[in-house]
Amino acid sequence: MEIIDLPELGAGEILDPTEGERRALLATGRHLKLEWLSDGRVHVKPNGFVGSVRVSDERMLRVTTKVPIANVLGLVSLAYRSMRVPVEVGRTLLEESQPLDWLTLLLISETEALLQCDLRHGYIELETELPYIRGRIQFHRQVATWSQPGLTPCRFSDFTPNTSENRVLRATLESLMTVTLYPGLRDRVDALTRMLPNVTLGWLSRALFSSVRVTRLNQAYGPALELCRIYFEHRGVDDAAGRIAAPAFFFPMAEVFEKAIGNFLAGRLPNVRVQTGGSLHAVAGEPAHTFAYTPDLVVGDPAQLVLDTKYSKAERVNAWGGLTYQNEHAYQLVFYGLAHGCPGMLIYPRDDRDIDATYELNDQQFTFITVDLERDSLDGLPALAEAVRRRASQVRLEAPAASP
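Residues numbered from 1 in each chain as written. Predicted model: local features only at pLDDT ≥ 70, side-chain atom pairs only at ≥ 80, totals over all residues. Heavy atoms only, no water.

### Overview of the overall build of the protein
Put simply, the rule is: Only DSSP runs of H or I with at least four residues qualify as helices, and only runs of E with at least two residues qualify as strands; both kinds are numbered from the N terminus onward. Working definition: with a 1.4 Å probe on protein chains only, accessible area under 20% of the residue-type maximum means buried, over 50% means exposed, and in between means partly exposed. The contact rule is simple, with two residues in contact once any of their heavy atoms fall within 4.5 Å. Accessibility throughout is a Shrake-Rupley quantity obtained with a 1.4 Å probe, and a residue counts as covered only by protein chains that appear here.
Across its full length, the protein holds 10 helices and 23 strands. When the 404 residues of the protein are sorted by exposure, 46% land in the buried category. In the protein, of all internal contacts separated by at least 6 residues, the share reaching a separation of at least 24 is 67%. For the protein, the exposed surface amounts to about 21600 Å²; the carbon and sulfur share of it is 51%.

Okay, here's the thing in structure tokens:
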């Protein structure tokens, strides 16, 4: 099979597609930038998304990251705790990796987040025999209980976690326990399954999925239910030696990077607030539009540190051929810091070298820092959390004592 790599910052490739490949390319939607040429060929360019898709049995397109990220799916699993699951755009092939592992990791993250907020309960209509009367007596079923004279058939509503959406979760988790997973993932799936003892175990079927409807009351379940559906529809993936068929997704890496960093830091540090900003109002002149500003993360309340993430290279080449920082990113961070009255940190993925540089303006310090994502274990994330914790602690120690 021909694998065509499209670097995020590359110029793309000109292809001469077959009719089937044309349809497959069109199915990717906005995830790829397609420029159709007069001779029937197409210029395919990256469009801010990373992923791969098989456009035919002979050809696969793969968009690679513009900065080194060894474990894109690991980063995605962090991000999709607070992001919508991406739309499937076709089929792809994963080399030397089991697609169920990363799909399971995404589902584990979503289910753990739901359990932290408590499972949704709902009123369920039940019909059963009880040693006492509850709800309405089912007189038409009296004959069936003659052999058990101490029980009365009753119909009643009960407020339980045994809802349709929870039954889908448990059925999927139980199904995952029957397939081959990495030991660590299997342990986490088993632990989650044990936390659903009051949810009925049923068959994972289309009927079970059709019984669930996502509304504003259970919208938090949306990503987890979508992952369950993807697993159900692709349980029979072809596991040929060295080539594994899997659903094809394209991930919006700028949003993935922002959400992954935010979710990781919020899970490691106290009082990390996401998307907390403010607004400025005109004091003179017209038109008096309100100007809103929102940094990605704020540490502390009141703010001790503002954080902004940028999925790009930290350095760029200036007009004289030397290296400098991205001015527009710096301006944005400084504005956030001055607006919140605290220092700031601008976080980039590591590219060619580590960066940890601090500048000072109006008695506030602003830091450019990179996080190392070049290892599969994503070891750079704990180091970043420690750097943020240390900087926030310094701000707290430097704060003037309150007046008696």
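### Looking at the sheet that holds strand E2 (residues 13–15)
For clarity, the cut-off: Pairing between two strands is assigned when DSSP locates at least 2 bridges connecting them. Axis lines are fitted through C-alpha atoms, for helices just across the contact stretch, and the angle between N-to-C directions can take any value from 0 to 180 degrees.
Across the sheet, which stays open at both edges, the 3 strands sit in the order E2-E4-E3 with antiparallel pairing between neighbours. The outermost strands of the open sheet, each flanked by one partner alone, are E2 and strand E3 (32–36). Strand after strand, the sheet turns through a mean of 30° between neighbouring axes, direction not considered. As defined by bridge partners, E2 adjoins strand E4 (residues 42–46) across 3 bridges and the pair is classed as antiparallel. Of the residues in E4, the one forming a bridge with Glu13 is Val44. Relative to the sheet, helix H1 (residues 19–27) contacts E3 and E4, its axis offset from that of E3 by approximately 135°.

### Quick look at the packing of aromatic side chains
Here is the rule: Stacked, edge-to-face and tilted are the three classes for Phe, Tyr and Trp ring pairs, Trp counted by its six-membered ring, which pair at centre distances within 6.5 Å; planes under 30 degrees apart are stacked, over 60 edge-to-face, the rest tilted.
In this structure the tally under the stated criterion is 7 aromatic pairs. A centroid spacing of 5.8 Å and a plane angle of 90° characterise the contact between Phe291 and Phe335, whose relative ring orientation is edge-to-face. Pair noted here: Phe291 is in strand E16 (residues 291–293) and Phe335 is in helix H9 (residues 327–340), with a separation of 44 residues, a long-range link. A residue is classified by how much of its surface remains accessible, and Phe291, at 47% relative accessible area, is partly exposed.

### Side note on helix H8 (residues 253–268)
Keep this limit in mind: Multiplying 1.5 Å by the residue count of a helix minus one yields the expected span of that helix.
Helix length check: H8, at 16 residues, gives a terminal C-alpha distance of 22 Å against a target of 22 Å (1.5 Å per residue), a fit within 8%. When we look at burial in H8, the residues that qualify are Met253, Val256, Phe257, Ala260, Ile261, Gly262, Asn263, Phe264 and Leu265.

### Points about the nonpolar core
Counted only if it meets this: Buried residues of nine kinds, namely Ala, Val, Leu, Ile, Met, Phe, Trp, Tyr and Cys, make up a nonpolar core once their side-chain atoms join them within 4.5 Å.
With 65 residues, the main nonpolar core has Met253, Ile261, Leu265, Leu307 and Val388 as its most contacted residues. Apart from residues lying up to four places away in sequence, Met253 is in contact with Glu8, Gly48, Val50, Thr65, Ile69, Val72, Leu75 and Tyr311. Residues Val298, Val306, Val334 and Phe366 belong to the second largest nonpolar core, which totals 17 residues.

### Notes on the side chain of His31
Put simply, the rule reads: N or O atoms closer than or at 3.5 Å make up a polar contact, with two conditions inside protein: a donor-capable atom paired with an acceptor-capable one, and, for residues adjacent in sequence, both atoms drawn from side chains.
Inspection of the secondary structure assignment puts His31 in the loop between H1 and E3. Judged by relative accessible area, His31 falls into the buried class, the value being 11%. Side-chain polar atoms of His31 contact the backbone oxygen of Thr28, separated by 2.6 Å. Excluding its chain neighbours within four sequence positions, the residues that come into contact with His31 are Asn47, Phe49, Val89 and Phe250.

### Regarding helix H2 (residues 72–79)
Most of H2 is tucked away, with 7 of its 8 residues classed as buried. Within H2, the full set of buried residues consists of Val72, Gly74, Leu75, Val76, Ser77, Leu78 and Ala79.

### Here's the deal with the environment of Pro131
In this structure, Pro131 sits in the loop between strand E8 (122–130) and strand E9 (136–137). Given the relative accessible area of 60%, Pro131 is considered exposed. Distance in space between the C-alpha atoms of Pro131 and Leu151 is 4.6 Å, their sequence separation being 20 residues.

### Regarding the environment of Arg391
Within the element layout of this structure, Arg391 appears in helix H10 (residues 380–398). Residues Arg391 and Thr367, 24 residues apart in the sequence, show an inter-C-alpha distance of 9.7 Å. When near neighbours in sequence (up to four residues on either side) are disregarded, Arg391 contacts Leu305, Pro343, Met345 and Gln365.

### Overview of the sheet that holds strand E23 (residues 364–371)
Spatially, E14-E17-E18-E21-E23-E22 is the arrangement adopted by the 6 strands of the open sheet, whose pairing is mixed. Only two strands of the sheet have a single partner each, and these edge strands are strand E14 (272–274) and strand E22 (356–361). Averaged over neighbouring strand pairs, the angle between their axes works out to 20° when direction is ignored. Pairing of strand E18 (residues 305–309) with strand E21 (residues 344–349) involves 4 bridges; the strand directions are parallel. Along E21, the bridge assignment pairs Asp308 with Leu346.

### Observations regarding the pairing of E22
Sheet topology note: the E22/E23 ladder contains 6 bridges and is antiparallel. Pairing of Thr358 across the sheet is with Thr367, part of E23. Where E22 folds back onto E23 in an antiparallel hairpin, the turn is made up of 2 residues, including Asn362, whose phi is positive at roughly 50°.

### Some details on the environment of Arg194
Topologically, Arg194 is positioned in helix H5 (residues 183–194). Using a relative accessible area of 61% as the deciding quantity, one classes Arg194 as exposed. The spacing of Arg194 and Arg170 is 24 residues in sequence and 9.5 Å in space, taken between C-alpha atoms.

### Examining the pattern of salt bridges
For clarity, the threshold we go by: Each salt bridge in this description consists of a side-chain nitrogen of Lys or Arg and a carboxyl oxygen of Asp or Glu lying within 4 Å of one another.
For the structure shown, the criterion picks out 16 salt bridges. Note that Asp351 and Lys313 form a salt bridge whose closest N and O atoms lie 3.8 Å from each other. Placement of the pair is Asp351 in the loop between E21 and E22 and Lys313 in the loop between E18 and strand E19 (315–317), with a sequence separation of 38 residues. By relative accessible area, which is 33% here, Lys313 ends up partly exposed. The closest approach of N and O atoms between Asp372 and Arg375, which form a salt bridge, is 3.3 Å.

Just distances and angles here, no functional claims.
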